Amino acid sequence: MSDRPTLVEVPPRFRVVIGPWDAEVDERTIVLCPGHAFGDGRHESTRMCLQALASFAPRSGFRLFDVGCGTGILSIGAAKLGGEAVGVDIDTAAIAVAAENGRRSAVEGRVSFATTWPNGTFDIVVANILRDVLAELAPRIVARLAPLGTLILSGLVSTDVPEVVARYAPLLAGRRPEIFERDAWRTLVWRLTARPSP
């Protein structure tokens, strides 16, 4: 096995390092230990979520809820943007991996990971998981979204989009999402407030 890190550029804001990294960790670098948890920046759905965060996250402090956090990459990305993040996953091994990745990425004070859902609402809720799980969890996911928040759903292919939109629209006062695509993959973004002015 190579002891050289894998570098994944996710423009315009992030660089993901997978493997050993001895250099100083800056505000754009996410450092992940190799492992089996999902989300290392190489999958299109993960990349689109990171890009959506970079585009739509508030310019000042915000709170993000990461459903199905896997490696914690999206929570860590939020922390790199100045937010605080809570990630949940049903896989206890993924929680341990995510916590270690938060430490490696020098944001351990701004992220937390657990198997139980937190109380309260969040400025951004992100879920990069399967269509059936997104459909099943829809009421719980929307319940965690602040009234003027942003919802990011991914892990979808084009044929998943109508079902997921139909499931979430009634829970979001009929609002329709923006749809972003890369190859076969789709990411849905509901922005319930205007993007802050520069």
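Criteria and cut-off values
- Numbering of residues begins from 1 in every chain and follows the order in which that chain's sequence is written.
- Thresholds applied to this predicted model are a pLDDT of at least 70 for local features of residues and 80 or more for the giving and counting of side-chain atom pairs; totals over whole chains, interfaces and linings are not thresholded and use all residues.
- Side-chain numbers here rest on the full set of heavy atoms in the structure, without hydrogens or water.
- Between any two strands, at least two bridges found by DSSP are needed for them to pair.
- Strands here mean DSSP runs of E at least two residues long; helices mean DSSP runs of H or I at least four residues long; both are numbered from the N terminus.
- Axis lines are fitted to C-alpha atoms, over the contacting stretch for helices. Their N-to-C directions set the angle, which ranges from 0 to 180 degrees.
- Contacts were defined at the residue level, with two residues in contact if any of their heavy atoms lie within 4.5 Å.
- In this scheme Phe, Tyr and Trp rings, the latter by its six-membered ring, pair at centre separations within 6.5 Å, and the angle between planes marks the pair as stacked below 30 degrees, edge-to-face above 60, and tilted otherwise.
- We call a residue buried when its accessible area falls under 20% of the maximum for its residue type, exposed when it is over 50%, and partly exposed in between, using a 1.4 Å probe and counting protein chains only.

A.B. asks: What is the right way to look at the sheet that holds strand β6 (residues 111-114) in this model?
C.D. replies: Strands belonging to one sheet form pairs held by backbone hydrogen bonds; the direction of such a pair is parallel or antiparallel. Ordered by their spatial adjacency, 7 strands build an open sheet running β6-β5-β4-β7-β8-β10-β9, and the pairing between neighbours is mixed. Of all strands in the sheet, those with a lone pairing partner are β6 and β9 (178-182), marking the two edges. Neighbour-to-neighbour, the strand axes of this sheet turn through a mean angle of 15 degrees, independent of strand direction. Direction of pairing for strand β4 (residues 63-67) relative to strand β7 (residues 122-128): parallel, over a ladder of 4 bridges. Counted as the bridge partner of valine 67 is alanine 127 from β7. Sitting on the sheet, helix α2 (residues 73-80) is in contact with β4, β5 (84-88), β6 and β7, with an inclination near 170 degrees to β4.

A.B. asks: Help me out: how do you make sense of the packing of aromatic side chains in this one?
C.D. replies: Two descriptors summarise a pair of aromatic rings, namely the distance from one centre to the other and the angle between the planes of the rings. Evaluated as defined, the whole model comprises 4 aromatic pairs. When the ring of phenylalanine 65 is compared with that of phenylalanine 122, the centres are 5.3 Å apart and the planes differ by 25 degrees; the resulting orientation is stacked. With phenylalanine 65 in strand β4 and phenylalanine 122 in strand β7, this pair connects stretches of sequence that are 57 residues apart. Pair check on accessibility: phenylalanine 65 and phenylalanine 122 agree, each one buried. Arranged with centres 5.8 Å apart and planes meeting at 35 degrees, the rings of tyrosine 168 and tryptophan 190 form a pair that is tilted. Of the two residues, tyrosine 168 is situated in helix α5 (residues 161-168) and tryptophan 190 in strand β10 (residues 185-191); the sequence distance between them amounts to 22 residues.

Limitation: the analysis is restricted to geometry and does not speak to function.
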